[in-house]
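Tertiary structure, described
Spelled out, the chains give:
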Amino acid sequence: MKALVFKGVGKIELAELPKPVLQDSTDAIVRIIAASICGTDLHMVRGSMSGMKPGSILGHEAVGIVEQVGASVQNFKEGDRVVVCSTIACGNCVYCQAEEYSSCDRANPNGPEAGTAFFGGPVSSGPFDGLQAEFARIPYADAVLVAIPEQVNNDDALLVSDVFPTGYMAAKIADVQEGDIVAVFGCGPVGQMAIASAKLLGASKVIAVDCLQDRLETAKGQGAMILNYNENDPVEALHDLSDGYGPDACIDAVGLDAEKATEGPASEKRPFIKEFSDYLEQKMLAPTKFNLGDQWRQGNAPSQVLQWCVESVRKSGVISIVGVYAENSVRFPIGLAMQKALTVRAANCSHRKYVPTLLKLIADGQFRPSAILTKQCDLIQAVNCYEHFDRRESGWLKVRLSPAA
Ligand SMILES: [Zn+2]
Ligand SMILES: [Zn+2]
């Protein structure tokens, strides 16, 4: 079968590999109808999330058709159309019973303290081969797969594999209430889903912050107010847009690849700018077609976005962090957070907790997440698609990869 394979930092290729086989009685084999490229995949390719095993298949977002199930799989049979949850959970441990699937005690072979298990990630996350392939082995199929209702098409379901639940969780853990003002930093796919979710949960005003005009326009299309941090200081502007108080909640949907936050006048007065500039300079010398994030692995890197969140949110407000950070990757302004009595929540998404709810919401016609799917490509074009996506080119917000039928 064809699959997109990680070869080394900055190096990926389409490879011909043997089709996966059942390894445990709780496994299923799924024929992939469509997979998508995620910002998290870029962390692996860039090396900002280290520990990828060369030869592993990338990707953690997909929909497909069940082709084969292990002897203990109860809920699925051959031919079922399913969405694959990005994170892998056993479905039975105390955490899974409490719907804290991203904290599952059993799914990560590195042990209960090793962190969230997911498809297409580094050794510390399993490792499990990813979903940007023609077929995939799905561990704990009963907990990781969810049947797609007939009324939901493949493209909408594809967005439920990761980014919609992650954006929805971002709004949930931001404790968004009816009438709240919510700022969403980062208007990539997760940010767009966080904007939609904040509105679904009753926010009266959502302010989208980014520097890429096409992404801001998409946010505006969803009814958000938009703020380009290269044109306005986001902290001042957010206070102005909320009667001087600051938003009730700030969502960080950017994470550790926030290097773009250094560009432009607004950030020049911020203390972290020098380090960001050094980083950018170094990165430009790197001989690869991908943006490399090596320096972030050293630890102690600053996050402009977290600084902005803490400075702009109202006193006693909530910071919700769903952008991906590596362990020890970031400095956080804890003193200011304490002084302002903030609640700070950060989590990998427990996809399985939200996927059924979101599929129902789509089936009921309340929202169409596939509106953000801007490119449809064949899996064999995957390397080329990654390059466009890595450069954040206009029109490359979210990419669907479909193996040829
Ligand atoms: Zn993803
Ligand atoms: Zn579990």
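A brief report on the enclosed structure follows. These numbers were taken from a predicted model, which means no experiment stands behind them. Counting restarts for each chain, with residues numbered from 1 along the sequence as it is written. Whichever chain is written first is A, and whichever ligand is written first is 1; the rest continue in order. Given that the model is predicted, a residue must reach a pLDDT of at least 70 before its local features are reported, and side-chain atom pairs must reach 80 or more before they are shown or counted; all residues, however, enter totals for whole chains, interfaces and linings. Side-chain numbers here rest on the full set of heavy atoms in the structure, without hydrogens or water.

Regarding the pattern of salt bridges
Pairs can form between side chains of opposite charge whenever their charged atoms are close. To be explicit about the condition: Any carboxyl oxygen of Asp or Glu within 4 Å of a side-chain nitrogen of Lys or Arg constitutes a salt bridge here. Using a 1.4 Å probe on the protein chains alone, a residue whose accessible area is under 20% of its type maximum counts as buried, one over 50% counts as exposed, and one in between counts as partly exposed.
Counted under the stated rule, the structure contains 13 salt bridges. Between Lys-77 and Asp-80 there is a salt bridge, and its shortest N-O distance comes to 3.0 Å. Judged by its relative accessible area of 17%, Asp-80 falls in the buried class. Beyond isolated ion pairs, a larger network of salt bridges with shared partners links Asp-24, Asp-27 and Arg-137.

A few points about the nonpolar core
How we decide: Joining through side-chain atoms within 4.5 Å is the link that ties buried Ala, Val, Leu, Ile, Met, Phe, Trp, Tyr and Cys residues into a set, and such a set is a nonpolar core. Only DSSP runs of H or I covering at least 4 residues are called helices, and only runs of E covering at least 2 are called strands; the numbering of each starts at the N terminus. Throughout the structure description, domain borders are defined by an automatic or database domain assignment. Here, two residues are considered to be in contact whenever any of their heavy atoms come within 4.5 Å of each other.
Core analysis: the largest hydrophobic core is formed by 79 residues, its most contacted members being Ile-138 and Leu-145. Here this core gets seven residues from one element, more than from any other, and that element is helix 5 (residues 163-173). Three or more residues apiece are contributed to this core by two domains, here domain 1 (2-162 + 350-402) and domain 2 (164-346). Setting aside its immediate chain neighbours within four residues, Leu-145 contacts Ala-28, Val-30, Val-66, Phe-76, Val-82, Val-83, Val-84, Ile-138 and Arg-352.

Examining the packing of aromatic side chains
Selection criterion: Stacked, edge-to-face and tilted are the three classes for Phe, Tyr and Trp ring pairs, Trp counted by its six-membered ring, which pair at centre distances within 6.5 Å; planes under 30 degrees apart are stacked, over 60 edge-to-face, the rest tilted. To sit over a ring, a charge needs its Lys NZ or Arg CZ within 6 Å of the ring centre and within 35 degrees of the ring normal.
Scanning all chains against the criterion turns up five aromatic pairs. Here the aromatic cluster, defined as three or more aromatic residues joined through ring pairs, consists of Phe-164, Tyr-168, Tyr-354 and Phe-367. The aromatic ring of Phe-135 is capped on one face by Lys-19, whose charged end is 4.3 Å from the ring centroid.

Here we look at empty space enclosed by the protein
The condition is simple: Buriedness of a pocket was judged along seven lines, with at least five required to meet protein on both sides within 12 Å; pockets are open sets of points on a 1 Å grid over the protein atoms alone, cavities are sets where a 1.4 Å probe fits but cannot get out, and lining residues have an atom within 4 Å of a point. Grid points are joined across faces, edges and corners, and a volume is the space filled by probe spheres set on the points. Each residue is assigned to one of three groups, with Ala, Val, Leu, Ile, Met, Phe, Trp, Tyr, Cys and Pro labelled nonpolar, Asp, Glu, Lys and Arg labelled charged, and all others, Gly among them, labelled polar.
Considering all chains together, one arrives at one cavity of 30 Å³ or more under this definition. Its volume calculated, the largest cavity comes out at about 30 Å³. Surrounding the largest cavity, Cys-85, Thr-87, Ile-88, Ala-89, Tyr-101, Ala-143, Val-144 and Arg-352 form its lining. Those elements that place two or more of their residues in the lining of the largest cavity are strand 6 (87-88) and helix 3 (141-144). Looking at the lining of the largest cavity, its residues break down into six nonpolar, one polar and one charged.

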